[in-house]
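As a plain string of letters, each chain reads:
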Amino acid sequence: MTVQPIRLFGDPSLRTVAEPVTAFDRELRGLVKSLMATMRAGAGRAGLSAPQIGVPLRVLVYEFDGSSGHLVNPRLELSERRIVADEACLSAPGLWWPLERSYMVTARGRDMFGKPVTVRALGVLARVLQHEADHLDGVLLADRLPAEERARFLQAASS
Ligand SMILES: [Zn+2]
């Protein structure tokens, strides 16, 4: 249950498409604990994905406003209603960017024991789940921005 360093923008592990989990074993439970501990090690952290600590597996954790948990091999169903709100990424510290996302999400996956779980979320938590699920596909916040803003984001992230 150790706190891990978070990989930063430019690290190749953030660009890797993560593999589905097939073994719901002790190692996986250790990974979930590490993700939780790392997320909770900093103030205002609402989510974290395994690729962000260099583990190429489809696992994410979340915590916002009293709701917390983890999802293994998540699949997201997105609402058509979308809203714009500021969003940040622990892999690009200090940058907040307005981004349009679905307002509601139904996430289906498994827990660390392999049991099916469904998480329904709206607002900020729905945004967190979309953001972390993107990480599992090697997709970063910058990739969701319009071209011009993306260029500005990349400039800010590398300076
Ligand atoms: Zn992120």
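In short, a report on the structure. (Residues numbered from 1 in each chain as written. Predicted model: local features only at pLDDT ≥ 70, side-chain atom pairs only at ≥ 80, totals over all residues.)

### Thoughts on helix α2 (residues 124-136)
The end-to-end C-alpha distance of α2 is 19 Å, a good match for the 18 Å that 13 residues give at a rise of 1.5 Å each. Across the 13 residues of α2, 11 count as buried, placing the element largely inside the fold. Buried residues of α2: L125, A126, R127, V128, L129, Q130, H131, E132, A133, H135 and L136, and no others. One or two positions beyond α2, positive phi appears at G138, with a value near 75 degrees. (Helix = DSSP H or I, 4+ residues; strand = E, 2+ residues; numbered from the N terminus. Expected span 1.5 Å × (residues − 1). Buried ≥ 20, exposed ≤ 12 C-beta atoms within 10 Å, placed from the backbone.)

### Regarding the pairing of strand β7 (residues 116-122)
With seven bridges connecting them, strand β6 (residues 104-110) and β7 associate as antiparallel partners. Bridging across to β7, M104 finds its partner in L122. Where β6 hands over to β7, the hairpin turn is made up of five residues, of which G114 adopts a positive phi near 95 degrees. (Pairing = 2+ DSSP bridges.)

### What about the sheet that holds strand β1 (residues 47-49)?
One open sheet holds the five strands; their spatial order is β1-β2-β3-β6-β7, and the pairing between them is antiparallel. In this open sheet, the two edge strands, each paired with only one partner strand, are β1 and β7. Averaged over all pairs of adjacent strands, the angle between strand axes in this sheet comes to 40 degrees, irrespective of strand direction. With five bridges connecting them, strand β3 (residues 67-78) and β6 associate as antiparallel partners. Counted as the bridge partner of V72 is R110 from β6. Contacts between α2 and the sheet are confined to β1, β2 (59-64), β3, β6 and β7, with β2 contributing the most and set at about 160 degrees to the helix. (Axes fitted to C-alpha atoms, helices over the stretch in contact; angles between N-to-C directions. Contact = placed C-beta atoms within 7 Å.)

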